[in-house]
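# Tertiary structure, described
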Amino acid sequence: MKKNYCYKNIQAIDFTRLNDEEKLLVLEFRNHPNTALWMYSAFISLKTHLQFIEDLKNSPNHRYFLFKEEGVYLGVGSITKINFFHKHGYLGIYKNPFLKNGGETILKALECIAFEEFQLNSLHLEVMENNLKAIAFYEKNHYELEGRLKGFIFKEKEFIDVLLYYKDKKGYNDQFSLKS
């Protein structure tokens with residue numbers, strides 16, 4: 001069964017447990033121009049969004065969370081393509097576009113879920129090569145470049161390379177506790 005997590009005073013609300021208002025808020029964050037700019041697809045319809053959330057109920061290897069701190073929604077984080085045998089997964093984040101901060105809090109909470117709760121050994125992520133802000137963010141948080149997917153995304157009439165980053169459990173700073 002999908003469950004929520006608590007990291008310090010941060011709530012990680014599983015998408016399958018969102019209320020209707022939260023579902024709409026997630027879609028608003030996702031379709032905001034500052035977020036959509038860095039997504040592989042620019043716009044998600046309400047119907048597609050709601051179907052995606054419904055499909056997650058039967059998808060044990062994909063977990064999406066809405067993060068909340070003291071009544072403020074910080075944004076979304078995910079661990080997808082989870083392989084429990086090989087102990088790895090893919091990380092994704094988009095923060096509330098109306099807040100200045102929140103990304104690092106989401107990242108730390110996701111790492112806590114991945115490395116402590118799911119017992120993964122490594123996290124991987126993809127970022128478009130022109131998303132310099134995200135690249136700097138991940139490198140600051142000790143993610144290492146592991147490769148490049150050349151011409152991986154076709155967006156706005158051009159092909160864009162995607163950079164692959166990773167962090168393993170050895171690089172994780174286990175200073176926080178996680179409560180279910």
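Here, the structure is the one placed above.
A few points on the structure. Given the structure is predicted, the values throughout are model-derived calculations rather than measurements.

All right, on to the packing of aromatic side chains then. As enumerated under the stated definition, the model contains 11 aromatic pairs in all. Seen from their ring centres, Y138 and Y143 are 5.7 Å apart, and the 70 degrees between their planes marks the pair as edge-to-face. On the accessibility criterion, Y138 (8% relative accessible area) is buried. Judged by relative accessible area, Y143 falls into the buried class, the value being 3%. Ring-pair connections join several aromatic residues into one group, and the members of that group are Y5, F65, F67, F84 and F118. Above the plane of the ring of Y90 lies K81, whose end atom (NZ or CZ) is 4.5 Å from the centre.

Another point: unusual backbone geometry. At K8, a position not held by glycine, the phi torsion is positive, near 50 degrees. With respect to the helices and strands, the residue K8 is situated in the loop between β1 (5-7) and β2 (10-14). The phi dihedral of K81 falls on the positive side, at around 50 degrees, and the residue is not glycine. The residue K81 is located in strand β4 (residues 72-83) in this model. With relative accessibility at 46%, the residue K81 sits in the partly exposed group.

Quick look at the pattern of salt bridges now. Here the structure, examined in full by the defined rule, presents 8 salt bridges. Of the charged contacts in the structure, one is a salt bridge between K108 and E111, with a shortest N-O distance of 3.9 Å. Of this pair, K108 and E111 both sit in helix α4 (residues 103-117), 3 residues apart, which is roughly one turn of that helix. What makes E111 buried here is its relative accessible area of 1%. Put simply, R148 and E129 hold a salt bridge, and the shortest N to O gap is 2.7 Å. Here the residue R148 occupies a position in strand β7 (residues 144-155), and E129 occupies one in the loop between β6 (122-128) and α5 (132-140), the gap between them amounting to 19 residues. Here R148 falls in the partly exposed class, since its relative accessible area comes to 40%. Taken together, the salt bridges that share partners define one network made up of K108, E111 and K167.

Rules behind the numbers
- Residues numbered from 1 in each chain as written.
- Predicted model: local features only at pLDDT ≥ 70, side-chain atom pairs only at ≥ 80, totals over all residues.
- Heavy atoms only, no water.
- Phe/Tyr/Trp six-rings, centres within 6.5 Å; stacked < 30°, edge-to-face > 60°.
- Buried < 20%, exposed > 50% of the residue type's maximum accessible area, 1.4 Å probe, protein only.
- Lys NZ or Arg CZ within 6 Å of the ring centre and 35° of its normal.
- Helix = DSSP H or I, 4+ residues; strand = E, 2+ residues; numbered from the N terminus.
- Salt bridge = Lys/Arg side-chain N within 4 Å of Asp/Glu carboxyl O.

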